[in-house]
Amino acid sequence: EARFAYSLVAAQLKELTESLDPKIRLEKMIHTYLASGNVDATVLTTLIDKWLSIEVVGLKAGVVVP
């Protein structure tokens, strides 16, 4: 029963993760990257630039996501 429950929850988590907004997925990736402890300034800058570009597009479209 525990294996079945685990596989069910894992499938639901995967489905939820795939349905997340790209901005939220990128934000999660930035958090994970920072937590890794092996941070390169160039990579971090690139990730933040991509996140900000998504944010700017959303603001221009009038979509505000907290």
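Let me sum up the structure you'll find in this document.

With that settled, the discussion passes to the side chain of Lys23. Its location among the elements puts Lys23 in helix H2 (residues 22-36). We classify Lys23 as buried; its relative accessible area is 8%. A polar contact is formed between the side chain of Lys23 and the side chain of Glu55, at a distance of 2.6 Å.

Moving on to helix H3 (residues 41-61). Counted at 1.5 Å a residue, the expected span for H3 with its 21 residues is 30 Å, and the 30 Å between its end C-alpha atoms agrees. When we look at burial in H3, the residues that qualify are Leu44, Leu47 and Gly58. The buried side chains of H3 occupy one side of the element, clustering within an arc of 70 degrees when seen end-on. In H3, those exposed residues whose orientation departs by more than 90 degrees from the buried face are Ala41, Thr42, Val57 and Lys60. Positive phi shows up at Gly62, right after H3, with a value of about 85 degrees.

What counts and how
- Residues numbered from 1 in each chain as written.
- Predicted model: local features only at pLDDT ≥ 70, side-chain atom pairs only at ≥ 80, totals over all residues.
- Heavy atoms only, no water.
- Helix = DSSP H or I, 4+ residues; strand = E, 2+ residues; numbered from the N terminus.
- Buried < 20%, exposed > 50% of the residue type's maximum accessible area, 1.4 Å probe, protein only.
- Polar contact = N/O pair within 3.5 Å; in protein donor to acceptor, adjacent residues only side chain to side chain.
- Expected span 1.5 Å × (residues − 1).
- Arc of directions from axis to C-beta.

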